[in-house]
Amino acid sequence: MVIKPRVRGFICVTTHPAGCRAAVKEQIDYIKAQPRREQGPKRVLVLGASTGYGLAARITAAFGSGASTLGVFFEREGTEGKPGTAGWYNSAAFHEFAQAEGLYARSVNGDAFSDEVKARVIEIIKADLGQVDQVVYSLAAPRRKHPRTGEVISSTLKPIGAPITLKGLDTDKGVLTETTLQPASEEEIAGTVAVMGGEDWQMWIEALLAAGVLAEGATTQAFTYVGEEITQAIYWNGSIGAAKKDLDKRVLDIRRQLAAIGGDARVSVLKAVVTQASAAIPTMPLYLSLLFKVMKEQGTHEGCIEQLDTLYDILYGGPADAADAAGHLRRSLVDGQGRQVALVDEEGRLRADYKEMAPEVQSKVVELWPQVTDANLEQLADLQAYKREFLRLFGFGIDGVDYDADVATEVAITPLDTL
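Please read these numbers as outputs of a predicted model, since none were measured by experiment.

It is worth spelling out the overall build of the protein at this point. Broken down by element type, the protein carries 14 helices and 16 strands. A compact globule built from 419 residues should have a C-alpha radius of gyration of about 22 Å, and the protein, at 21 Å, falls within 12% of that. In terms of overall dimensions, the protein has C-alpha extents of about 60 × 55 × 45 Å along its principal axes. Put simply, the protein has 419 residues, and 55% of those count as buried. For the protein, the share of sequence-separated contacts (at least 6 apart) that also reach a separation of at least 24 residues comes to 74%.

On average, the protein scores 94 in pLDDT, and the residues at 70 or more come to 98%. Across residues 320-326 the pLDDT falls below 50, and counting only partners more than four positions away or on other chains, this stretch makes 13 contacts in the model.

Here we take up the packing of helix H2 (residues 52-65) against helix H3 (residues 86-100). Between H2 and H3, the least distance of the axes is 12 Å, while the angle of their chain directions is 0°. Considered as vectors, H2 and H3 are oriented roughly parallel to each other. Counting all contacts with H2, which are made through Leu55, Arg58, Ile59, Ala62 and Phe63, the residues of H3 involved are Asn90, Phe94, His95, Phe97 and Ala98. Of the residues belonging to the contact of H2 with H3, the class tally is seven nonpolar, two polar and one charged.

Annotation from UniProt places "active site" (unreviewed entry) at Tyr235. Residue classification places Tyr235 among the buried positions, given a relative accessible area of 10%. With residues up to four places along the chain from it excluded, the contact list for Tyr235 reads Tyr225, Ile240, Gly241, Lys244 and Ile281.

To continue, consider the packing of aromatic side chains. Per the counting criterion, the structure on display carries seven aromatic pairs. An angle of 85° between the planes, with centres 6.0 Å apart, marks the rings of Phe63 and Phe94 as edge-to-face. Of this pair, Phe63 sits in helix H2 while Phe94 sits in helix H3, and the two are 31 residues apart along the sequence. Taking 5.7 Å as the distance between ring centres and 40° as the angle between the ring planes, the aromatic pair formed by Tyr312 and Tyr316 counts as tilted. Residue Tyr312 and its partner Tyr316 are both found in helix H11 (residues 304-316); the two are separated by four residues, about one turn of the helix. Tyr316 shares its class with Tyr312; the two are buried. When the ring centre of Trp369 is taken as origin, the NZ or CZ atom of Lys167, which lies over that ring, is 5.6 Å away.

Moving on: the sheet that holds strand S6 (residues 132-137). Spatially, S15-S12-S11-S6-S3-S4-S5-S16 is the arrangement adopted by the eight strands of the open sheet, whose pairing is parallel. Among the strands making up the open sheet, the edge pair consists of strand S15 (350-351) and strand S16 (416-418). Bridge count between S6 and strand S11 (residues 214-224): five bridges; the pairing is parallel. Note on S11: the bridge partner recorded for Val135 is Thr220. Strand contacts of H2: strand S3 (43-47), strand S4 (68-73), strand S5 (105-109), S6 and S11, with the helix running at about 170° to S4, the strand carrying the most contacts.

In this structure, Ile59, Phe63, Phe223, Leu308 and Leu311 are the most contacted members of the largest nonpolar core, which totals 48 residues. Of all the secondary-structure elements, those providing two or more residues to this core are helix H1 (17-32), S3, H2, H3 and H11. Core analysis: the second largest hydrophobic core is formed by 46 residues, Tyr225, Met357, Trp369 and Val407 among them.

Rules of the game
Residues numbered from 1 in each chain as written. Predicted model: local features only at pLDDT ≥ 70, side-chain atom pairs only at ≥ 80, totals over all residues. Heavy atoms only, no water. Helix = DSSP H or I, 4+ residues; strand = E, 2+ residues; numbered from the N terminus. Rg over C-alpha atoms; globule rule 2.2 N^0.38 Å. Buried < 20%, exposed > 50% of the residue type's maximum accessible area, 1.4 Å probe, protein only. Contact = heavy atoms within 4.5 Å. pLDDT = per-residue confidence, 0-100. Axes fitted to C-alpha atoms, helices over the stretch in contact; angles between N-to-C directions. Parallel < 35°, antiparallel > 145°, perpendicular 65-115°, else oblique. Nonpolar A, V, L, I, M, F, W, Y, C, P; charged D, E, K, R; others polar. UniProt positions renumbered as here; feature names shortened; annotations may be inferred. Phe/Tyr/Trp six-rings, centres within 6.5 Å; stacked < 30°, edge-to-face > 60°. Lys NZ or Arg CZ within 6 Å of the ring centre and 35° of its normal. Pairing = 2+ DSSP bridges. Core = buried A, V, L, I, M, F, W, Y, C linked by side-chain atoms within 4.5 Å.

What follows is the structure in structure tokens.
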């Protein structure tokens, strides 16, 4: 069938298999063009491996360090006449390219919050890999069925304490908007923490430790976003932020548990990018459109794959700087302005987002924020770049893809365990 994008608000209801494949190949080609990271991980488990930063982590580990990768995701395959999810096609492409280069790639499609998926993953590790030396936690979901209680818990996007009115952007009409959000209840905050916080991450690490499938010196990372002045009202200081702060608390326990095998656990702060989740957050489309404009003008713009390449430099040693006591973390670098930049902050988080957080970037975005209007939006912000990045999530707008050609919607992932 011929597939065209059909966008409804912050969701595209169609996906393009060939476009997703081409987008994955672009990321792989980027990593292969970088210096090979010989000290990188060799056996990697990625939880949330099919899109965004999780997919980029899997690509970076496999094609940058030659790692065997086991991915976990919850995606829908295509049927005749109906496309599957972008994550399905991304994962099929990853398997194809990894296997063509002789790299081990296996995936589990199921609810990563469940005990059943955890048990199956442990079985696969024991049978195929023996142990893993890195666990990447990149799960994002609107709800979670708790494996102990069976309760289905939902997350919410709300401020804490008082209502807020947010400046935003209708990307379809290209006009500014205002959205007023009421504060979250205590129950809603707790639910968001339960879904998006660190409990499941800790459950995964404890299950893997108990099964003996974490190698000596194994590391684990969970991804977060902190942001600055413009985004913090709805993000860091809201219900989502409460969940992200829970990661900061849980990581301390996880780090202590991994110390028994000489391992380490870190929360990794990554820059703002276009994702299905960020598209739904008021303020973020406008902030991202301004951010793209500023960072492109300054020559520092990055997407998911560039960010993960930076993160793996921090984790497994960059070209300079001392390592920490664990023997691998890069602590700082000198940026393009000649400034010493800390790559590990006071909370112990890894800061791959240092280019977004650069004073000259944030100050310019803050300067532009009150100036932008419907009339000057196209001049002050890069709305077209935002739209392009959004469509790329679903396989559209990729160079070299014939979008007028028939494309098969049934694409296999092999090997795949479905639970």
